[in-house]
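Listed below, chain by chain, are the residues.
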Amino acid sequence: MSDPFSFQLRQVSKRFVKGKETITIFDGLDLDIPAGDFVAIMGPSGSGKTTLLNLLGGIDHVTSGEILFDDRRVDTLTENQLSAWRAANVGFIFQFYNLMPVLTAAQNVELPLLLTNLGRKERRTNVATALELVGLSDRAAHYPREMSGGQQQRVAIARAIVSDPQVLLCDEPTGDLDRSTADEVLGILKLLNQEHGKTVVVVTHDPEVTRHTRRTLHLNKGVFEEKTALA
Amino acid sequence: MNQALLVAKNLSRRKLRTSLMLVAIFIAFFLYGALECFNRAFHSSENSGAAERLVTVNRINFTMPLPVNYAGRVRQVEGVTSVSYQSWFGGYYQDQRQPLFMFAVDPVSYLEVYSGIQLPAEQRRAWLTNRSAVAVGKTTAAKYGWKVGDRVPIASNIYLRKDGAKAWEFDIAAIFSDPDDTAREGLIMMSHDYFDETVTFGRDQVNMLVFSTVSPKRNDEIAKAVDALFANSEAETSTDTAAAFNRAFVAQLGNIALIITLVVATAFAAILMIVGNTMVMAVRERTREIGVLKTLGFRGSTILSQILAESLLLALLGAVLGLGAATLAVAAAGKFIQGFGSNMNMTAGVFLGGVGWALLLGLVTGAVPAWSGMRLQIATALGRR
């Protein structure tokens, strides 16, 4: 029996219409991301990395083709169904952290849990666990402006994992960090992949990221050029 | 944390901006509350007066006198049950800046026509038997701290005493109430006989006749009969219901309701644009955050309700503060206005009306940003396209 897949893309096409011009990003793209994978997607600007991440996260729609998650199509879901699916299955980590400036670290981490049926006590426990996992228990009451970039990114990781999603989609998670902080963040992602079984997809320009991932996909003009073997 | 806290946090993220919006809304609702209370107080006397009560004044206008003997002739008209009369005294207490709403009346017939007036029997007797006594409405008595048995000097802007003295000394014989017409509780009534004996001019003349009829259905017929009685005389009359007379009296002072409506509408329109525009800007600044919330799984409808909750909370907070301040201001002003027989106070109707307007303001100012937030595409919000 083959390994279960987190994502399977089948003949995915994505086109944008800009004025009179139609821009094709993908034309019949196929991709399998097995559950528990830790994959880096690299490529030059405009190669379609971010669009691919958007499609995987259900925040953009395919023009044609299919996207399956756990063998179920997600490209046909409505906006509300996608919201619920994202809340349950996907955690996002962005380059610029995207924390709510008016909320403390703990409150930022708690945000996804507001969409669950968990009680206040359970939410607090989960938030504490997530913050502990990223090593920021002592910063729970701090606001984003009171933390360094690396700390903010760790809060963002805690927010992404607090609802225990199967997949983490990361868009340039180290793009705004110095090397040593970036390595710390990548270390946490690796831990989440290896110890907690999360499927991690990282879109990046940073070649150092590939040292941590199981494999790397190179995207150029909407086509994968080569695939490195599983580490 | 819960979503309510999130709403509160978003509102307080720029304290100066939120404070300025609150002040703008506060001013609008303070104006609304104060002016609407004034408007109601101003018009409160319009509908006072039993339906079967008619008023007869000089046809030229109500400041021109009528002979007092008209009362006897009106009493003979079929369908008239009681007739009384009154004259404006133009009184003031101690200082001309403390004017009194004071009439010279025939006490016996006055109490018959205004049967809702309540006063203890012994006070009634005292007022009817002491010609230099006055009956004071309880609001005015409370305002000046007067009580039965006090002797108060009251001067008139119109009349001088025959003996040359400016001030009349009045014994307070009665303090009355009128639960059916609380505006009346601001009045003072002196004896018309005493008035006639004492004044230097205008004797045997009255400003108006007030009388009751057997049925409101016959008012038109009786009014015509009364006016016909004095047709082609030196003092022709104009008879109408008390309510119609009061409405006409108020109308002479201008369309207060229209002025107030225009002031409040202008304030509201300005506030609507200020708050609406500020809300749009405030939400636009949060475009990326809204995108993040949607990424986390927040539905468009949740975003919509959050932004609407913000604008509603802001509008309600400003409105309640404004209406609360108006309540205090109106209560303070009411102490002065009540002396003129009006009811100046914040009513539940005005307050709840203000809350209703606040809800509408919140919905209207929040509608555009809330709709935009709900429809916002995540990829666009995050600048990922």
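Residues numbered from 1 in each chain as written. Chains lettered and ligands numbered in written order. Predicted model: local features only at pLDDT ≥ 70, side-chain atom pairs only at ≥ 80, totals over all residues.

A. Up close: the overall build of chain B. The helix and strand inventory of chain B stands at 14 helices and 12 strands. Since a compact globule built from 385 residues should have a radius of gyration of about 21 Å, the 29 Å found for chain B marks it as more spread out than a globular shape. A principal-axis box enclosing the C-alpha atoms of chain B has dimensions of 95 × 45 × 35 Å. Taken over 385 residues, chain B has a buried fraction of 42%. Restricting to contacts in chain B with at least 6 residues of sequence separation, those with at least 24 account for 82%. (Helix = DSSP H or I, 4+ residues; strand = E, 2+ residues; numbered from the N terminus. Rg over C-alpha atoms; globule rule 2.2 N^0.38 Å. Buried ≥ 20, exposed ≤ 12 C-beta atoms within 10 Å, placed from the backbone. Contact = placed C-beta atoms within 7 Å.)

B. Region of interest: the sheet that holds strand 3 (residues 80-88) of chain B. Residue and element names in this part refer to chain B. Strand order in the open sheet made by the 10 strands is 4-7-8-6-9-5-3-11-1-12, with mixed pairing throughout. Either end of the sheet is taken by a strand with one partner, and the two such strands are strand 4 (91-92) and strand 12 (237-241). The pairing of strand 7 (residues 151-156) with strand 8 (residues 167-176) spans 5 bridges and is antiparallel. Following the sheet pairing, V152 is matched in strand 8 by F170. This element, helix 5 (residues 121-129), spans strand 6 (133-137) and strand 8 of the sheet and lies at about 155° to strand 8. (Pairing = 2+ DSSP bridges. Axes fitted to C-alpha atoms, helices over the stretch in contact; angles between N-to-C directions.)

C. Just the pairing of strand 3 of chain B, in detail. Residues and elements named next belong to chain B. Sheet topology places strand 3 next to strand 11 (residues 208-213); 6 bridges connect them, and they run antiparallel. Note on strand 11: the bridge partner recorded for V80 is T213. Strand direction decides the pairing type here: strand 3 and strand 5 (residues 101-105), joined by 3 bridges, are antiparallel. Along strand 5, the bridge assignment pairs S87 with A104.

D. Highlighting the confidence of the model for chain A. Confidence in the prediction of chain A, expressed as mean pLDDT, is 90, and 96% of residues score 70 or more. Element-level pLDDT for chain A is lowest in strand 10 (residues 223-227) of chain A, with a mean of 75, against a maximum mean of 96 in helix 3 (residues 105-110) of chain A. (pLDDT = per-residue confidence, 0-100.)

E. Seen up close, the environment of A:Q152. Residue and element names in this part refer to chain A. Mapped onto the fold, Q152 is located in helix 5 (residues 149-161). Considered as a pair, Q152 and V209 are 57 residues apart in the sequence and their alpha carbons are 19 Å apart. Those residues in contact with Q152 that sit more than four places away from it in its chain are Y97, L99, P144 and M147.

F. Here's a closer look at helix 1 (residues 3-11) of chain B. For helix 1 of chain B, the full list of buried residues reads B:L6, B:V7, B:N10 and B:L11. One side of helix 1 of chain B carries all its buried residues, which in axial view fall inside an arc of 135°. (Arc of directions from axis to C-beta.)

G. Layout of the sheet that holds strand 2 (residues 21-34) of chain A. An order of 2-1-4-5 (chain A) is seen for the 4 strands of this open sheet, with the pairing classed as antiparallel. The open sheet is flanked by strand 2 and strand 5 (72-73) of chain A, the only strands paired with a single partner.

H. Broad picture of the domain arrangement of chain B. For chain B, the assigned domains read domain 1 (3-45 + 255-381) and domain 2 (65-234). On a C-alpha basis, the centres of domain 1 of chain B and domain 2 of chain B stand 47 Å from each other. (Domains from an automatic or database assignment.)

I. Broad picture of the nonpolar core. Formed by 117 residues in total, the largest nonpolar core has its most connected members in A:I41, A:A158, A:V201 and B:I25. One finds B:L54, B:V136, B:Y159 and B:V210 within the second-largest nonpolar core, a separate group that totals 56 residues. (Core = buried A, V, L, I, M, F, W, Y, C linked by C-beta atoms within 7 Å.)

J. Molecular detail of the interface of chain A and chain B. Contacts between chain A and chain B engage 21 residues on the former and 19 residues on the latter. Among the secondary structure elements, those contributing two or more residues to the side of chain A that touches chain B are helix 1 (49-56), helix 2 (79-89) and helix 3 of chain A. For the side of chain A that touches chain B, the element with the most residues is helix 2 of chain A, which contributes 6 residues. Taken together, the residues of the side of chain A that touches chain B sort by class into 11 nonpolar, 6 polar and 4 charged. (Nonpolar A, V, L, I, M, F, W, Y, C, P; charged D, E, K, R; others polar.)

K. Structural detail: the confidence of the model for chain B. Residues and elements named next belong to chain B. For chain B, the average pLDDT comes to 87, and 93% of its residues sit at 70 or higher. Mean pLDDT per element in chain B: helix 9 (residues 242-252) is the minimum at 72, and strand 6 is the maximum at 94. The ipTM assigned to the predicted complex is 0.90, against a pTM of 0.72.

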